[in-house]
Amino acid sequence: MTNSERRDRGMAYISDDGVMEEQKVCRRVLQELNTVDRADFSKISQLVKELLGKSEGAFINPPFYCDYGTHIEVGKNFFANYNCTILDVATVKIGDNCQMAPNVAIYTAGHPLHPVARNSAYEYGIPVEIGDNCWIGGNTVILPGVHIGDNCVIGAGSVVTKDIPDWSVAAGNPCKVIRKITEEDKRFYFRDQEFDPEAWEVISKL
């Protein structure tokens, strides 16, 4: 069994020449994406579509970093802001209408705890999944194996080590649920500041 096959089956594997050849394909696209004219939105969209394994209307503000790209599946209207990093050794699945603030990092990759095992060069990847309609705050780190449910907001600076249930506001290190998101929250755009009548007329019909 090749190391690429071991990796894709969720087994411990070594980043040998075959694995690195796959990464080279991704890095060539990343090189173009991260040096493209930042005002050429059409070209950026084209490169993002070429890079990701599955996407529909995705947009990423460069710079962006990942290992393969093809292991990342995003739903409709995905947006990632500057300096997003996704180590997609294992699959990263992200639902529809998800937004990521600057400096978000998603890690599926890891290394053994024991130094002897770690020094063997074996590593692993554990999938990460994020549901629909999620907003991930700036400088958030999401660790291997985490599942974030639908309609969640993760506060800036969080380190997400465990699953987060649907309709949650969660934050902290380690990230914990602070409260549930309710229908009443629809009226507010920031803390206790309500939408003006013109904006509310649009939102109330959604």
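Residues numbered from 1 in each chain as written. Predicted model: local features only at pLDDT ≥ 70, side-chain atom pairs only at ≥ 80, totals over all residues. Heavy atoms only, no water.

Right, let's talk about the pairing of strand E19 (residues 168-171) for a bit. Consecutive side chains along a regular strand alternate between the two faces of the sheet. Only one face of E19 is covered, namely the face carrying Ser-168 and Ala-170; the face carrying Val-169 and Ala-171 is uncovered. Relative to E19, strand E17 (residues 153-154) runs parallel, the two being bridged by 2 bridges. From the neighbouring strand, Val-153 faces E19, where its bridge partner is Val-169. Judged from the 4 bridges that link them, E19 and strand E20 (residues 176-180) form a sheet pairing that is antiparallel. (Buried < 20%, exposed > 50% of the residue type's maximum accessible area, 1.4 Å probe, protein only. Helix = DSSP H or I, 4+ residues; strand = E, 2+ residues; numbered from the N terminus. Pairing = 2+ DSSP bridges.)

With that settled, the discussion passes to the packing of aromatic side chains. Summed over all chains, the structure comprises 2 aromatic pairs. Plain terms: the ring middles of Phe-41 and Phe-59 are 5.9 Å apart, the flat faces sit at 70 degrees to each other, and that makes the pair edge-to-face. Taken together, the positions of Phe-41 in helix H3 (residues 41-51) and Phe-59 in strand E3 (residues 59-60) put the pair 18 residues apart, joining distant regions of the chain. Both rings, one in Tyr-189 and one in Phe-195, keep their centres 5.4 Å apart while their planes meet at 50 degrees; by these two values the pair is tilted. Take Phe-195: its relative accessible area is 27%, and that puts it in the partly exposed class. (Phe/Tyr/Trp six-rings, centres within 6.5 Å; stacked < 30°, edge-to-face > 60°.)

Let us look at the pattern of salt bridges. Throughout the structure, instances matching the rule amount to 7 salt bridges. Between Arg-7 and Asp-8 there is a salt bridge, with its nearest N and O atoms 2.8 Å apart. Overall, Arg-7 belongs to the buried group, its relative accessible area being 4%. A salt bridge links Arg-7 to Glu-22, with the nearest nitrogen and oxygen atoms 2.8 Å apart. Here the residue Arg-7 occupies a position in helix H1 (residues 3-8), and Glu-22 occupies one in helix H2 (residues 17-33), the gap between them amounting to 15 residues. With a relative accessible area of 30%, Glu-22 lands in the partly exposed category. (Salt bridge = Lys/Arg side-chain N within 4 Å of Asp/Glu carboxyl O.)

Cis rather than trans, the peptide bond between Pro-62 and Pro-63 has omega equal to 5 degrees. Turning to its location among the elements, Pro-63 is positioned in the loop between E3 and strand E4 (64-66). Put simply, Asn-173 and Pro-174 share a cis peptide bond, and its omega is 0 degrees. Within the fold, Pro-174 resides in the loop between E19 and E20. Positive phi, close to 60 degrees, is recorded for Asn-77, a residue that is not glycine. Looking at the secondary structure, you find Asn-77 in the loop between strand E5 (72-76) and strand E6 (79-80).

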